[in-house]
Amino acid sequence: NSSSSSSIDESKSKEQYTAPAWLRSGVFALLSGTSAVFSTLCLGMSLGLVLNLFGYGYMFVEGQGLRIDTLPQIRQEAQFRREIQKSMAEAARDQTAKIALQQQQEDGWNTNNGGSTSMISSSNLANVVQKQSSASSSPMVWSPEPSQEAR
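Residue numbers restart at each chain and count upward from 1, following the sequence in its written direction. Totals for whole chains, interfaces and linings use all residues, but because this is a predicted model, local features are given only for residues with pLDDT of at least 70 and pairs of side-chain atoms are given and counted only at 80 or more. Each side-chain value is worked out from all heavy atoms of the structure, with water and hydrogens disregarded.

## Things to note about the pattern of salt bridges
Opposite charge on two side chains permits pairing when their charged atoms draw close.
Line of reasoning, step 1. Note on definitions: salt bridges are taken to be side-chain nitrogens of Lys or Arg within 4 Å of carboxyl oxygens of Asp or Glu. What the rule picks out here adds up to two salt bridges.
Line of reasoning, step 2. When the shortest N-O distance is used, the salt bridge between arginine 67 and aspartate 69 registers 2.8 Å. Neither residue differs from the other here; arginine 67 and aspartate 69 are each classed as buried.
Line of reasoning, step 3. Note that arginine 67 and glutamate 77 form a salt bridge whose closest N and O atoms lie 2.7 Å from each other. Here the residue arginine 67 occupies a position in strand β2 (residues 65-70), and glutamate 77 occupies one in helix α3 (residues 71-107), the gap between them amounting to 10 residues.
Line of reasoning, step 4. Using a relative accessible area of 21% as the deciding quantity, one classes glutamate 77 as partly exposed.
Line of reasoning, step 5. Each of Arg67, Asp69 and Glu77 takes part in one network of salt bridges that share partners. Relative accessibility under 20% of the residue-type maximum defines a buried residue, over 50% an exposed one, and the middle range a partly exposed one, all with a 1.4 Å probe and only protein chains included. Runs of H or I in DSSP of at least four residues are treated as helices and runs of E of at least two as strands, each being numbered from the N terminus.

And the structure:
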């Protein structure tokens, strides 16, 4: 009996487990997909390096797709875009300050935290806008600060 039970144990241990067909095909598809993605990324990086070695670069432009141009031209366009954004942010700040000044001139008087009323002078407003422009290049909403001069 003991010899027959040991031969059954040995035959069970020699059997290999095989995964279901759907699992095997899923793992194969995952590995194949991953391999294709990484191969494509490596090819793209290699082409980018070759372009850079020859003095060219690429960028993705909305509406145009992939655009290949010389490196100095790409740098110049990037700098131009940054300057446009900076100028738009400054224009937005100036417009906000102008609207706030007009609103203050229409209202006439401002009540500060102490309860007294005071006029906000245009030079005080200009100082506040100047501080905000030099502090940050990002657009910000201007809020008037109460004047320290009591009238």
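## Some details on the confidence of the model for the chain
Line of reasoning, step 1. Per-residue confidence from the predictor is given as pLDDT, running between 0 and 100. The predicted model of the chain has a mean per-residue pLDDT of 76, with 62% of residues at 70 or higher.
Line of reasoning, step 2. Within the chain, the lowest mean pLDDT, 48, falls on strand β4 (residues 117-118), and the highest, 94, falls on helix α2 (residues 21-53).
Line of reasoning, step 3. Throughout, a residue-residue contact means that at least one pair of heavy atoms, one from each residue, lies within 4.5 Å. Predicted confidence is poor over residues 136-151, with pLDDT under 50, and the contacts of this stretch with residues over four places away or in other chains come to 32 contacts.

## Some points on the pairing of β2
Line of reasoning, step 1. When strand β1 (residues 56-61) meets β2, the two strands line up antiparallel, connected through six bridges. Residue pairing across strands places valine 61 opposite glycine 65, the latter belonging to β2.
Line of reasoning, step 2. Any two strands are treated as partners once DSSP identifies two or more bridges connecting them. The hairpin formed by β1 and β2 contains three residues between the paired strands, and glycine 63 there has a positive phi angle of roughly 95 degrees.

## Digging into the packing of aromatic side chains
Line of reasoning, step 1. The aromatic pairing rule takes the rings of Phe, Tyr and Trp, using the six-membered ring of Trp, and pairs them if the centres are within 6.5 Å, calling planes under 30 degrees apart stacked, those over 60 edge-to-face and the rest tilted. This model, assessed by the stated rule, comprises one aromatic pair.
Line of reasoning, step 2. Ring geometry for tyrosine 58 against phenylalanine 60: centres 6.2 Å apart, planes inclined by 80 degrees, an arrangement best described as edge-to-face.
Line of reasoning, step 3. Judged by relative accessible area, which is 42%, tyrosine 58 ranks as partly exposed.
Line of reasoning, step 4. A relative accessible area of 67% places phenylalanine 60 in the exposed class.

## Description of a nonpolar patch on the surface
Line of reasoning, step 1. A contiguous nonpolar patch, built from Leu49, Val50, Leu53, Phe54, Tyr56, Tyr58, Phe60, Leu66 and Ile68 and spanning about 1000 Å² of accessible area, is present on the exposed surface.
Line of reasoning, step 2. Looking at the nonpolar patch, the elements with two or more residues in it are α2, β1 and β2.
Line of reasoning, step 3. Mapped onto the secondary structure, valine 50 falls in helix α2.
Line of reasoning, step 4. A residue is classified by how much of its surface remains accessible, and valine 50, at 41% relative accessible area, is partly exposed. Patch construction takes residues with relative accessible area above 30% that form no salt bridge. Like charges are linked within 9 Å, and nonpolar side chains (Val, Leu, Ile, Met, Phe, Trp, Tyr) are linked within 5 Å. Method for areas: the Shrake-Rupley scheme with a 1.4 Å probe, in which residue coverage is limited to the protein chains shown.

## Comments concerning the side chain of aspartate 69
Line of reasoning, step 1. Within the element layout of this structure, aspartate 69 appears in strand β2.
Line of reasoning, step 2. Within 3.5 Å is the distance limit for a polar contact, defined as a pair of N or O atoms, with the added protein rule that one can donate a hydrogen and the other accept it, and that residues adjacent in sequence qualify only through two side-chain atoms. A polar contact of 2.8 Å, which involves the side chain of aspartate 69, links it to the side chain of arginine 67.
Line of reasoning, step 3. Each residue touching aspartate 69, except ones within four places of it in the same chain, is listed here: Tyr56, Gly57, Ile74 and Glu77.

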